[in-house]
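One-letter residues, chain by chain:
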Amino acid sequence: FLASCGKKGPPMPSRQTVLPSVSMIDKTIVGENTLLLTWTLPDKKKEIKDINGFFVYRSKVLLAESDCKNCPVLFKKIADIANKNQKEFKYRENLDKGYKYIYKITAYDKKGAPGKDSNLVEFIY
């Protein structure tokens, strides 16, 4: 026998907090070949406390292969940045010459559920 709550109608999904997306990513090349990505969040205390961290994703394609207009952009998760209630977040990595890079950042909650993707940061190095 099946148990129910007694209410008729379609099942309702549980309420889930919508995480704010990262919208401003600054890209800086430091020294000869070090990329520095920095970002901040809107000043909304409730939403910020729901963020456990950020996943940084990268697409890295040789320049000779980067002209494919209909090819999907394949991202690889390359970093997990913890939210320690700071105002600014940073990610660094060394770059290789001759590649097209695309980065995006996604916030995630305490259960690991991701929010929306950030804007894309795209450049050739």
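Calculation notes
- Residues numbered from 1 in each chain as written.
- Predicted model: local features only at pLDDT ≥ 70, side-chain atom pairs only at ≥ 80, totals over all residues.
- Heavy atoms only, no water.
- Buried < 20%, exposed > 50% of the residue type's maximum accessible area, 1.4 Å probe, protein only.
- Helix = DSSP H or I, 4+ residues; strand = E, 2+ residues; numbered from the N terminus.
- Pairing = 2+ DSSP bridges.
- Phe/Tyr/Trp six-rings, centres within 6.5 Å; stacked < 30°, edge-to-face > 60°.
- Lys NZ or Arg CZ within 6 Å of the ring centre and 35° of its normal.
- Core = buried A, V, L, I, M, F, W, Y, C linked by side-chain atoms within 4.5 Å.
- Contact = heavy atoms within 4.5 Å.
- Salt bridge = Lys/Arg side-chain N within 4 Å of Asp/Glu carboxyl O.
- Axes fitted to C-alpha atoms, helices over the stretch in contact; angles between N-to-C directions.

S.K.: What's the story with the pairing of strand β3 (residues 53–62) in this structure? I'm lost.
M.R.: On a regular strand, one side chain projects to one face of the sheet and the next to the other, so that they alternate. Of all 10 residues in β3, 7 are buried; the element is thus mostly enclosed. With 6 bridges joining them, β3 and strand β4 (residues 76–82) adopt antiparallel strand pairing. Following the sheet pairing, F54 is matched in β4 by I81. Looking at chain direction, β3 and strand β6 (residues 99–108) are connected through 10 bridges and run antiparallel. If you follow V61 over to β6, its bridge partner there is K100.

S.K.: Honestly, the packing of aromatic side chains in this entry has me stumped. Any pointers?
M.R.: To describe a pair of aromatic rings, you give the distance between the ring centres and the angle between the ring planes. Within the structure shown, the criterion is met by 9 aromatic pairs. Seen from their ring centres, F55 and Y57 are 6.3 Å apart, and the 75° between their planes marks the pair as edge-to-face. The exposure class assigned to F55 is buried, which follows from its relative accessible area of 10%. Ring centres 4.2 Å apart and planes at 15° place the aromatic pair F55 and Y108 in the stacked group. Of this pair, F55 sits in strand β3 while Y108 sits in strand β6, and the two are 53 residues apart along the sequence. You'll find F55 and Y108 in the same group, each marked buried. K104 extends its terminal NZ or CZ atom over the ring of Y57, reaching a point 5.5 Å from the ring centre. Here the basic side chain of K104 rests over the ring of F75, its NZ or CZ set 4.3 Å away from the ring centre.

S.K.: Just to check I follow, could you spell out the nonpolar core for this structure?
M.R.: Nonpolar side chains tend to gather and get buried jointly when the protein is soluble and globular. In this structure, L37, W39, F54, V56 and Y103 are the most contacted members of the largest nonpolar core, which totals 22 residues. If one sorts the elements of this core by residue count, β6 sits on top with 4 residues. Leave out the neighbours within four places in its chain, and F54 touches V22, W39, L41, A79, D80, I81, F89, I105, T106, A107 and Y108.

S.K.: Help me out: how do you make sense of the pattern of salt bridges in this one?
M.R.: Opposite charge on two side chains permits pairing when their charged atoms draw close. For the structure on display, the rule yields 5 salt bridges. The shortest N-O distance in the salt bridge between D96 and K60 comes to 2.5 Å. Of this pair, D96 sits in the loop between β5 (88–94) and β6 while K60 sits in strand β3, placing them 36 residues apart in sequence.

S.K.: Even after reading the chapter, I still don't get the sheet that holds β5, so can you show me in this structure?
M.R.: Either a parallel or an antiparallel arrangement is found when strands of a sheet pair, and the pairing is made through backbone hydrogen bonds. The sheet built from 3 strands is open, its strands ordered β1-β2-β5 with antiparallel pairing. Strands with a single pairing partner mark the edges of an open sheet, and in this sheet they are β1 (25–30) and β5. The mean angle between the axes of side-by-side strands here comes to 20°, regardless of whether they run parallel or antiparallel. Both β1 and strand β2 (residues 34–40) contribute to a ladder of 6 bridges, which runs antiparallel. When the bridges of β2 are listed, D26 appears paired with T38.

S.K.: I tried to follow the pairing of strand β7 (residues 114–117) on my own but got confused; where do I start?
M.R.: The pairing of β6 with β7 spans 2 bridges and is antiparallel. Among the inter-strand pairings, Y108 is bridged to a residue of β7, identified as P114. Linkage of β6 to β7, two consecutive antiparallel strands, is achieved through a turn of 5 residues, within which G112 is found at a positive phi near 90°.

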